[in-house]
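# Structure assessment
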Amino acid sequence: KKIGEEPPPELFSPINKKTEILSYQPIDKITPVIDGRLTYFYEWYNAGYADVKRMGGTMQRFAGLITTVYCGFDEKNLYIRFDVINHDIASYEYAINFYKPQNLKITLDKPGDILFNIEEIGEVAIPLSLVNIGDEEMIEFAISAREKGTEVDRTPLLRFSIRLKDTSLYNWTV
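The subject of this paragraph is the environment of Ser91. Considering the arrangement of structural elements, one finds Ser91 in the loop between strand 4 (77-84) and strand 5 (93-100). Judged by its relative accessible area of 40%, Ser91 falls in the partly exposed class. Sequence separation between Ser91 and Glu119 is 28 residues; the distance between their C-alpha atoms is 9.9 Å. Within the structure, Ser91 has its side chain in polar contact with the backbone oxygen of Asp88 (distance 2.7 Å).

Listed below in structure tokens is the structure:
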């Protein structure tokens, strides 16, 4: 950071991978209400999620701000939700740094093409065209939180599979 460069995303993944499963892939399309709260129980049910508080390694321990990240999609948008525990979630500035399918930084500070709301939880709707997601992509991103211009927390590198076509054929349940 001191040389004015962003650190590579690989630095936010543990060297020794745990065998424990700490993240799950989306199983079907979702269209949540972006209101900054859990509107109804099944709103994020089919989304993938990562238990951030249990991820990381020796070089990156859980800082205590972002605890869980959810990721889902529909035909138009990529949806990201992040939960914060024991903190005033709205008192921080957030950014989502995408590394795949393209490098892109989305700052959640003023309304624009990105619909977001940060109340009890953080909810974000990003147009698929903005992130350049095709029919089947692996996305990689990290979420960072800043307080008064200083980064106070960053998630490990998160990976989710986005399959726009035939989602229910690959992820069916009985």
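Per-residue pLDDT for the chain has a mean of 84; in total, 81% of the residues score no lower than 70. For the chain, helix 2 (residues 167-170) is the element with the lowest average pLDDT, namely 61, and strand 8 (residues 122-127) is the one with the highest, namely 96.

Whether parallel or antiparallel, the strands of a sheet pair through hydrogen bonds between backbone atoms. Strand order in this open sheet of 6 strands is 1-2-3-4-8-7, and the pairing throughout is antiparallel. Edge positions in the open sheet fall to strand 1 (23-24) and strand 7 (115-118), since each of these has one partner strand only.

Another point: a nonpolar patch on the surface. On the surface, a cluster of nonpolar side chains totalling about 670 Å² of accessible area is made up of Ile27, Val33, Tyr40, Phe41, Tyr42 and Tyr45. Inspection of the secondary structure puts Ile27 in the loop between strand 1 and strand 2 (48-51).

A full pass over the atoms with the stated rule returns 7 salt bridges. Glu75 is the partner of Lys29 in a salt bridge, and the nearest nitrogen-oxygen pair spans 3.2 Å. A residue pair is termed long-range when its members are at least 10 positions apart, and Lys29 in the loop between strand 1 and strand 2 and Glu75 in the loop between strand 3 (66-73) and strand 4 qualify at 46 residues. By relative accessible area, Lys29 is classed as partly exposed at 29%. Among the charged side chains, a network of salt bridges with common partners joins Lys100, Glu140 and Arg159.

Attention now goes to the pairing of strand 5. For strand 5, the buried fraction is high: 6 of the 8 residues fall into the buried class. Alignment of strand 5 against strand 9 (residues 136-147), held across 7 bridges, turns out to be antiparallel. Counterpart to Ile96 in the pairing with strand 9 is Ile143. Examined bridge by bridge, strand 5 and strand 6 (residues 104-108) share 5 bridges and lie antiparallel to one another. Bridging from a neighbouring strand, Phe98 pairs with Leu104 of strand 6. The loop that links strand 5 with its antiparallel partner strand 6 comprises 3 residues.

For the rest of this paragraph, the subject is the pairing of strand 2. Two elements, strand 1 and strand 2, share 2 bridges in a ladder whose sense is antiparallel. By the bridge assignment, Tyr24 is partnered in strand 2 with Tyr49. As paired strands, strand 2 and strand 3 are joined by 4 bridges and run antiparallel to one another. By the bridge assignment for strand 3, Asp51 is matched with Thr68.

The next thing to look at is the nonpolar core. Of all hydrophobic cores here, the largest spans 34 residues; its most connected members are Leu78, Phe82 and Phe141. Residue assignment for this core shows that the elements contributing at least two residues are strand 3, strand 4, strand 5, strand 6, strand 8, helix 1 (128-131), strand 9 and strand 11 (158-163). In contact with Phe141, not counting residues within four places along its chain, are Val69, Cys71, Ile80, Ile96, Asn97, Phe98, Tyr99, Pro156, Leu157, Leu158 and Phe160. By size, the runner-up hydrophobic cluster in this structure holds 7 residues, among which are Ile34, Ala47, Tyr70 and Tyr79.

Conventions adopted
Residues numbered from 1 in each chain as written. Predicted model: local features only at pLDDT ≥ 70, side-chain atom pairs only at ≥ 80, totals over all residues. Heavy atoms only, no water. Helix = DSSP H or I, 4+ residues; strand = E, 2+ residues; numbered from the N terminus. Buried < 20%, exposed > 50% of the residue type's maximum accessible area, 1.4 Å probe, protein only. Polar contact = N/O pair within 3.5 Å; in protein donor to acceptor, adjacent residues only side chain to side chain. pLDDT = per-residue confidence, 0-100. Pairing = 2+ DSSP bridges. Patch = residues over 30% accessible without salt bridge, like charges linked within 9 Å, V, L, I, M, F, W, Y side chains within 5 Å. Areas by Shrake-Rupley, 256 points an atom, 1.4 Å probe, with all protein chains shown as cover. Salt bridge = Lys/Arg side-chain N within 4 Å of Asp/Glu carboxyl O. Core = buried A, V, L, I, M, F, W, Y, C linked by side-chain atoms within 4.5 Å. Contact = heavy atoms within 4.5 Å.

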